[in-house]
Amino acid sequence: MIRRPRPSLARHAAIPGATLVDPVATIPTWLRRAVPDAQSLAKKDFEDVALAAGAAICLLDQVVRRHERWAGAWRQRLALSAAAATMKQAGRIEDEAALRDAVLLTKAGDDVGPAGRLLLAWRRLAARPAGDLLTAKSLAAVLGEFSYAPDEEVVNDLADELRQLGACDGTVGMLTGAFIAAERHAFDRTVGAWLADALLAQRLGWAHSVPLLGAEAAVGASARLRRPTTGSGATSTETHLERAKGLLAAQARAALRAIDLSAELGRRADRLLAVAPKLRAKAADAVVDKLLSDDAIVASEKIAGMSDRGLRRLFDRLVEFGAVRELSGRPTFRIYGL
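Think of each chain on its own: its residues are numbered from 1, step by step along the sequence as written. Reporting in this predicted model follows two pLDDT cut-offs: at least 70 for local features of residues, and 80 or more for side-chain atom pairs to be given and counted; totals over whole chains, interfaces and linings ignore these cut-offs and use all residues. Values reported for side chains reflect all heavy atoms of the structure, with hydrogen atoms and water molecules removed beforehand.

As for the nonpolar core
By nonpolar core we mean a set of buried residues, namely Ala, Val, Leu, Ile, Met, Phe, Trp, Tyr and Cys, connected to one another through side-chain atoms within 4.5 Å. Burial classes follow relative accessibility: with a 1.4 Å probe on protein chains only, a residue under 20% of its type's maximum area counts as buried, one over 50% as exposed, and anything between as partly exposed. Leu-60, Trp-74, Trp-122, Trp-194, Leu-195 and Leu-318 are the most contacted members of the largest nonpolar core, which has 101 residues in total. In this text, helices come from DSSP runs of H or I with a minimum length of four residues, and strands from runs of E with a minimum of two, each type numbered from the N-terminal end. Considering every element that reaches this core, the biggest residue donor is helix α12 (residues 233-275), with 16 residues. With residues up to four places along the chain from it excluded, the contact list for Leu-195 reads Leu-134, Leu-139, Leu-158, Leu-162, Ala-178 and Ala-182. In what follows, a contact means two residues having at least one pair of non-hydrogen atoms within 4.5 Å.

Dropping the structure here:
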């Protein structure tokens, strides 16, 4: 059967800079209802949760494969959410604004501190090619950003274990295996979430990973995946399935949240691209590209061909157009983003 082009997509394609909104990526009502929260999880069968998680990841895959110009900003915004949730789970007070400040307001070469390094770990997941994330060199760097100092043997063992997980047939086993591997090497659930996201991207053939599980507080209750050492085999299997179910539910919720954010940022990016031709500054195109590829830009960003004063004027105009937002709420050291 020959399928005719969808008129709605054709109309959008004719508009320069417009975002193609694929109906396939629209989240159906049944799926939102099917994805359980932490309170309703116990009432759901494993098979139902696995089905919902698979459907959510399938829709997320549609978003990723569109390769939108704003995808970098989208992934980095998700990385910021993951870092903020990680800080909250650890009992620290740094929120998204404080994490942004730690990285963006620190001079190049200076120490960004523990909070800043944690954000850098999640930004690494979002920015580096997915195929490079789980090498021994990359793992050593990200573990350092998570405030661990493992020796070379531990890092190599972890890299080998992750390669085996990446080659296994079962996606559920790969997901739970990431947390088990982290725990086996005495790393916390945050590292397990980072590894699981990286493995998923490699499994699906994405160019870059999408930070998902780090922002899910429910992962904390379901990620302790060491198998019981006592009791019957049936009890051990049941416990493992319950924990896997919790991780799948968390992954599904995270995927839906990422899709919702993509729709929101897509609308904001369309507005930015619509007003871009009105910008007369010489380096305006570079500023627009930076806004589309990163979470935020500090007003003192060094951009070739743009003075500090000129950049501030450009941001003021973009705010007037409603194309960007000022994110810090301060009169000085201001930060801008979609």
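So, the layout of surface pockets
Buriedness for pockets is judged along seven lines, at least five of which must meet protein on both sides within 12 Å for an open set on the 1 Å grid over protein atoms alone, while cavities are sets there where a 1.4 Å probe fits but cannot get out, and lining residues have an atom within 4 Å of a point. Grid points are joined across faces, edges and corners, and a volume is the space filled by probe spheres set on the points. By volume, the largest pocket amounts to about 300 Å³. Three categories are distinguished: nonpolar for Ala, Val, Leu, Ile, Met, Phe, Trp, Tyr, Cys and Pro, charged for Asp, Glu, Lys and Arg, and polar for the others, with Gly belonging to the last. Along the lines of polarity and charge, the residues of the lining of the largest pocket split into seven nonpolar, two polar and five charged.

Some details on the sheet that holds strand β2 (residues 325-326)
With antiparallel pairing, three strands are arranged side by side in an open sheet as β1-β3-β2. Taken across any chain shown, the strands that pair with only one partner, and hence form the sheet edges, are β1 (297-298) and β2. Should DSSP find at least two bridges between two strands, the strands are taken to pair. Relative to strand β3 (residues 335-337), β2 is paired through two bridges, and the arrangement is antiparallel. In the sheet register, Glu-326 faces β3, and the bridge partner there is Tyr-336.

Some details on the packing of helix α4 (residues 71-89) against helix α6 (residues 113-127)
Between N-to-C directions, angles cover 0 to 180 degrees, with each direction set by a line fitted to C-alpha atoms, over the stretch in contact for helices. With their axes 8 Å apart at the nearest point, α4 and α6 run at an angle of 140 degrees to one another. Of the two possible hands of crossing, α4 and α6 adopt the one that is right-handed. The segment α4 lies against α6, with Arg-75, Gln-76, Ala-79, Leu-80, Ala-82, Ala-83, Thr-86 and Met-87 engaging Ala-115, Leu-118, Leu-119, Trp-122, Arg-123, Ala-126 and Ala-127. Looking at the contact of α4 with α6, its residues break down into 11 nonpolar, two polar and two charged. Should the near helix be turned anticlockwise from the far one by less than a right angle, the crossing is left-handed, and should it be turned clockwise, the crossing is right-handed.

Some points on the pattern of salt bridges
The working definition used for a salt bridge is a side-chain nitrogen of Lys or Arg within 4 Å of a carboxyl oxygen of Asp or Glu. Scanning all chains against the criterion turns up 18 salt bridges. Notably, a salt bridge pairs Arg-77 with Asp-295, separated by 2.4 Å at the nearest N-O pair. With Arg-77 in helix α4 and Asp-295 in the loop between α13 (284-293) and β1, this pair connects stretches of sequence that are 218 residues apart. Each of the two residues, Arg-77 as well as Asp-295, counts as buried. With its nearest N and O atoms 2.7 Å apart, the salt bridge here joins Glu-94 to Arg-92. Under the relative-accessibility criterion, Arg-92 is labelled partly exposed at 38%. Each of Arg-77, Arg-100 and Asp-295 takes part in salt bridges that share partners, so that together they form one network.

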